[in-house]
Amino acid sequence: MPTAMEIYKLLPRKNCGECKFPTCLAFAMQLANQKVALEACPYVTPEAKAILEESGAPPVKLVTFGWSGSPAKIGDETQLFRHDKTFYHPTVLGVIADDSEGLEKMKAKMQDAKATYYERVGQIIRVDSVAVRHSKGSPEDFIEGAKYASTLIVPVVLMTEDPKLMSEAAGACAQARPLLYRATQENFDAMVQVAKASGFPLVVGGADDMGKLAELADKAKKAGVSDIVLEPKGSSAGRMLEQMTIIRRAAIKKKFRPLGYPTIAVLGSSKEDKMKAALGVMKYCSVVLMDQMPPEFVYPLMTLRQNIFTDPQVPIQVKAGLYSVGEPGPKSPVLLTTNFSLTYFTVRADIEKSKIPVWLLVVNTDGQSVMTAFAAGKLTPESVAALIESEKVKEKSTRNEIVIPGMITRMSGKLNELTDMKVVVGPRESSGLPKMLKSIAA
Amino acid sequence: MDFDVPKERFAGKIREVVIGATKEKGGTRGSSIVVGGSDGFPFHRFESQMPHMPVVVMDVVDTPRLVPETLLGSMGSFVKEPVEWAKKCENEWKADALLLRLASANPEEENRSVEECESLFKEVLKSVSLPMLVYGCGSEEKDAKLMEAVSNAGKGERLFLGLAEEKAFKSLAAASMANGHGIVAFSNLDINLAKQMNILLLDFGVKPENIIIDPLMAALGMGLEYSYSVVERLRQGALSGDPVLQMPIICDSSCAWNVPDILEEDPKKGDILQRGILWEAITAYGAIVAGADLVIMRHPDAVALFRQTLNELTGGG
Ligand code: B12
Ligand code: SF4
């Protein structure tokens, strides 16, 4: 963002007050703080407006593709290291349906991709996108594939380097607002026209070096395509890491506009490619497309994505309170845990395995695990006793008994003293809960 | 278009640390390994030197109690035979170094005697020629005696002994210093604590070239992001010139095998063993991308996969 003085120099300096501020300088100061919009001044020249918009734009452009209701959002990152603030837009993972496989297989693959989703620590993680690629198959299958993709309500990528075919496919799945892959030196002008005419985002790639890639992106922008995705060339993991780093760094540290866009990597399905996908998630890839995403791979990959894109200041957490698991009654046991999502969902899943209804008392530990919270003084007999009181635990369960995690045996005495409840020390790992609950219930 | 690749250079660099001693150096190891030495971010070869690639330390546990079921079958029955296990690490799976965990000494578990543990250590030392790390059982009192015995029995081998913790490091540090060994400095996911641990060791008289940092690796899905960031920050601190942080970093990825996500049979999540192997390999990957110089791993297939990636990270293309 430019400074107030820089902005002031570009304003009309009429001090007319129509922007609701007494002077242009006052308005400039508000603008610099992003408190008002430039539109409030009716007299800014189009040139000044263009300059201000350009210099105020984020270092990495936000690009969206897919259905307007649930688009994929990529780019708009501001950091090189997640600990400095956070990474905002998780890598979009997509499976490629290639027309050499034939239409039926393509459809099945897309369906599979759409059906691949899991709930993990309270969040849904899924294969986000499907890509339809023309390679050795028939153009008809490609177009039909694109049509089919557009019915799935997931973000779609269309992959062909033939501008005519691309234009047709883009028309066939226009509501899905697909990402177009890709413009290269060879098909540049025609492909840029397709993107411009449709208004869909465009991948620019195939350039031999970073300077060439920047040049292509810049050319596309000047030709009127504003939503660009970069594909650096390179095959090894080492190259990928370096190039993704250079792009991100040039955009953020140097504000080098021609590389200020999200990125994409298209991978196969070998073991190396799987590990490369993991690298992409860690190192600045906005979109990763792969030939195959088998579940035993996609699940760890998505877990990695979930980890890397967690806000470092705010652990994923659930609300504190008294939860029911199953349909507990007055005779059901009360169990204690913390509000760290990972802890809560692990414990909950283990309780569910026992099929025994339970009251689960979740203490606010600012999203910390049992031991972390205990060591940090965020899980104390006092905080637990207060919650027992405020959640009216003794009215809900008349057993007058609470089961605590095995790792915090040390709080038993004091907790008993404060609440008058019998404190039962549970297993250290919640995986031991089904066995224990069965013996309690018996 | 003119484009100057934005490069970063740093004042500091990671110290080179040697593990294991060959005959010439007074030990019996077949080779020694050097870790560290980088003067930039990991694998950023366009702007920095990375003279030594990260190494794979394979672990051998002296009690199958700590090896999950999923692994016992898939690795083989020898998992109950630490010596056989160690030989496999060297001969079949090509580990760069070996970690022997003497967990069974723990008084609250098997409570195996110091003598028994010591003789197991000697047996392993004799059976493999890899550079070695040896960890105690975590009980301060027992480890004091145990690690002293190990240190003496491994005199001259340039072992790395662990784990030194803030509240319990003196006897370990003494044992390591007595016979020219190194030490693994453990701290809990906090850059200041890591620094504090190193300062304590340095003040105690341990030489900086004898220290490796273990900042605690949380497995994929179990807080990997915390470790990833702590390792990145440790590396940044070292590069920006803080000598107390310039020791190589070791991350224990074998912790991946305790994660509930991979112990659970669920067809929706695919083959359990393959999922576990990827889980461990990705955990290790996170560690080295963030800046680890050594990773501790367990499953041979995870090691193989990880190695392939490592070659690709350092190869051309
Ligand atoms: C990630 C992590 C952190 C993260 C925080 C993550 C979070 N959101 O909580 C960060 C980096 C912030 C952190 C900080 C600290 N940490 Co920490 N941390 C860990 C780590 C690696 C994983 C914790 C975790 O997520 N576990 C997974 C969850 C699911 O486990 P859980 O909550 O315990 O739940 C399990 C059981 O308790 C049980 N369970 C849970 N609820 C219930 C309920 C019932 C009824 C039953 C029966 C069972 C049960 O089942 C669950 C599944 O097995 C552990 C080490 C480890 N590998 O466990 C250390 C660990 C917990 N941390 C520890 C410490 C000391 C700290 C710090 C005090 C150190 C420091 N750096 O200053 C700080 C405190 C933070 C502060 N000052 O606010 C110590 C605790 C030592 C002790 N014995 O007290 C540990 C054990 C590491 C160690 N070996 O030294 N930590
Ligand atoms: S409306 Fe425009 S010209 Fe008038 S005071 Fe505000 S900024 Fe200045």
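Here, every reference points to the structure presented above.
Reading the values: rules and limits
Residues numbered from 1 in each chain as written. Chains lettered and ligands numbered in written order. Predicted model: local features only at pLDDT ≥ 70, side-chain atom pairs only at ≥ 80, totals over all residues. Heavy atoms only, no water. Helix = DSSP H or I, 4+ residues; strand = E, 2+ residues; numbered from the N terminus. Expected span 1.5 Å × (residues − 1). Buried < 20%, exposed > 50% of the residue type's maximum accessible area, 1.4 Å probe, protein only. Pairing = 2+ DSSP bridges. Axes fitted to C-alpha atoms, helices over the stretch in contact; angles between N-to-C directions. Contact = heavy atoms within 4.5 Å. Buried area = accessible area lost by both parts, 1.4 Å probe. Salt bridge = Lys/Arg side-chain N within 4 Å of Asp/Glu carboxyl O. Polar contact = N/O pair within 3.5 Å; in protein donor to acceptor, adjacent residues only side chain to side chain. Nonpolar A, V, L, I, M, F, W, Y, C, P; charged D, E, K, R; others polar. Patch = residues over 30% accessible without salt bridge, like charges linked within 9 Å, V, L, I, M, F, W, Y side chains within 5 Å. Areas by Shrake-Rupley, 256 points an atom, 1.4 Å probe, with all protein chains shown as cover. Near = heavy atom within 4 Å. Right-handed = clockwise from strand over helix to strand, strands pointing away. Parallel < 35°, antiparallel > 145°, perpendicular 65-115°, else oblique. Left-handed = near helix turned anticlockwise from the far one by under 90°. Core = buried A, V, L, I, M, F, W, Y, C linked by side-chain atoms within 4.5 Å.

Looking at this structure, how should I read helix α11 (residues 295-308) of chain A?
Note: α-helices contain 3.6 residues per turn, so residues at a spacing of three or four share the same orientation. Here α11 of chain A spans 20 Å end to end across 14 residues, near enough to the 20 Å set by a 1.5 Å rise per residue. Counting buried positions along α11 of chain A yields 13 of 14 residues, so the element is predominantly enclosed.

I tried to follow the sheet that holds strand β7 (residues 182-186) of chain B on my own but got confused; where do I start?
Hydrogen bonds between backbone atoms are what pair the strands of a sheet, whose relative direction is either parallel or antiparallel. Residues and elements named next belong to chain B. The strand order across the open sheet built from eight strands is β8-β7-β6-β5-β4-β3-β10-β9, with neighbouring strands paired in parallel fashion. Two strands in the sheet have a free side with no partner beyond their single neighbour: β8 (211-214) and β9 (250-252). Averaged over all pairs of adjacent strands, the angle between their axes in this sheet comes to 25°, without regard to strand direction. The strands touched by helix α4 (residues 140-153) are β5 (132-135) and β6 (160-164); relative to β6, the strand with the most contacts, the crossing angle is about 165°.

Explain the interface of chain A and chain B to me, please; I cannot follow it from the model alone.
How big an interface is tends to be stated in terms of accessible area lost as the parts join. Each partner contributes to the interface: chain A provides 49 residues, whereas chain B provides 48 residues. Taken together, the two surfaces of chain A and chain B that pack against each other cover about 4,500 Å², and 66% of this comes from carbon and sulfur. On the chain A side of the contact with chain B, R249, M275 and E296 of chain A bury the most area, a combined 16% of that side's loss. Connecting chain A to chain B are seven salt bridges. Across the pair E232 of chain B and K283 of chain A runs a salt bridge whose closest N-O atoms are separated by 3.9 Å. One can count 20 residue pairs in polar contact (both at pLDDT 80 or more) joining chain A with chain B. When contributions to the side of chain A that touches chain B are tallied by element, the ones reaching two or more residues are β4 (117-120), α8 (210-222), α9 (237-253), α10 (271-282), α11 and α12 (341-354) of chain A. The class makeup of the residues in the side of chain A that touches chain B is 25 nonpolar, 10 polar and 14 charged.

I tried to follow a nonpolar patch on the surface on my own but got confused; where do I start?
Judged by side-chain polarity, M5, L25 and M29 of chain A come together as a nonpolar surface patch covering roughly 270 Å² of accessible area. For M5 of chain A, a relative accessible area of 46% gives the class partly exposed.

Explanation requested: the site of ligand 2 in the structure shown.
The local shell around ligand 2 consists of P12, K14, N15, C16, G17, E18, C19, C24, F27, C41 and P42 of chain A. Broken down by class, the residue content of the shell around ligand 2 amounts to seven nonpolar, two polar and two charged.

Explain the side chain of S38 of chain B to me, please; I cannot follow it from the model alone.
For S38 of chain B, the location among the structural elements is in the loop between β2 (33-35) and β3 (55-61). The contacts of S38 of chain B, once residues within four sequence positions are left out, are K13, I14, Q49, M50, P51, R235 and L239 of chain B.

Explain the sheet that holds strand β14 (residues 334-338) of chain A to me, please; I cannot follow it from the model alone.
All names here are of chain A. Read across the open sheet, the five strands follow the order β13-β15-β14-β16-β17; overall the sheet is mixed. On the outer flanks of this sheet lie β13 (321-325) and β17 (422-425), each paired with one strand and no other. Ignoring which end each strand starts from, the neighbouring axes of this sheet average 30° apart. Of the pairings in the sheet, the one linking β14 to strand β15 (residues 358-363) comprises five bridges and is parallel in character. Residue pairing in the sheet places L335 in a bridge with L360 of β15. Each of β16 (401-404) and β17 touches helix α16 (residues 412-419); the most contacted strand, β17, lies at about 155° to it. Contacts between helix α17 (residues 433-441) and the sheet are confined to β14, β15, β16 and β17, with β16 contributing the most and set at about 165° to the helix.

Explain the site of ligand 1 to me, please; I cannot follow it from the model alone.
Around ligand 1, the structure places 36 residues, and the nearest of them are T343, G367, S369 and V370 of chain A together with N188 of chain B. The local environment of ligand 1 is shared, drawing residues from chains A and B. Between S430 of chain A and ligand 1, the recorded distance is 2.9 Å, taken from a backbone N or O atom to an oxygen atom. Interatomic distance of 2.6 Å between a side-chain N/O atom of N188 of chain B and an oxygen atom of ligand 1.

How should I be thinking about the side chain of D273 of chain A in this particular structure?
Residue and element names in this part refer to chain A. Inspection of the secondary structure assignment puts D273 in helix α10. Take D273: its relative accessible area is 13%, and that puts it in the buried class. At 3.4 Å, the side chain of D273 and the backbone nitrogen of S269 are in polar contact.

Mind showing me how you'd approach the pairing of β8 of chain B here?
Residue and element names in this part refer to chain B. Of the two faces of β8, the one carrying I211 and I213 and the one carrying I212 and D214 are both buried. Pairing geometry for β7 and β8, over four bridges, is parallel. In the strand pairing of β8, I183 is matched with I211. The parallel pair β7 and β8, bridged by helix α6 (residues 191-204), forms a crossover whose chirality is right-handed.

Could you clarify how one ought to interpret the packing of α10 of chain A against α11 of chain A in this entry?
The relative placement of two packed helices comes down to the angle between their axes together with the axis-to-axis distance. Residues and elements named next belong to chain A. For the pair α10 and α11, interaxial distance at closest approach is 9 Å and the crossing angle is 15°. When the axes of α10 and α11 are compared, the pair comes out roughly parallel. By crossing handedness, the relation of α10 to α11 is classed as right-handed. Contact residues: α10 offers K274, A277, A278, V281 and M282, while α11 offers F297, L301, L304, R305 and I308. Each residue belonging to the contact of α10 with α11 can be placed in one class, and the counts come to eight nonpolar, no polar and two charged.

For this particular structure, what's the right way to read the nonpolar core?
Looking at soluble globular proteins, one finds that nonpolar side chains tend to be buried together. With 177 residues, the main nonpolar core has L158 and L259 of chain A together with W85, M132, L201 and Y285 of chain B as its most contacted residues. A per-element tally of this core places helix α9 (residues 272-290) of chain B first, with 11 residues. If we skip the residues at most four places from it in the chain, L201 of chain B touches A164, F169, A173, I183, A185, V206 and I211 of chain B. W359, I388, V393 and M421 of chain A belong to the second largest nonpolar core, which has 21 residues in total.

I tried to follow the environment of R29 of chain B on my own but got confused; where do I start?
Residues and elements named next belong to chain B. Structurally, R29 can be placed in the loop between β1 (17-19) and β2. For R29, a relative accessible area of 3% puts it in the buried group. Residues R29 and L163 lie 134 residues apart in sequence; the distance between their C-alpha atoms is 22 Å. Aside from chain neighbours lying at most four places away, what touches R29 is G20, A21, T22, K23, L125, V128, S129, L130, P131, M132 and E157. Separated by 3.0 Å, the side chain of R29 and the backbone oxygen of V128 make a polar contact. A polar side-chain atom of R29 sits 2.8 Å from the main-chain carbonyl oxygen of L130.

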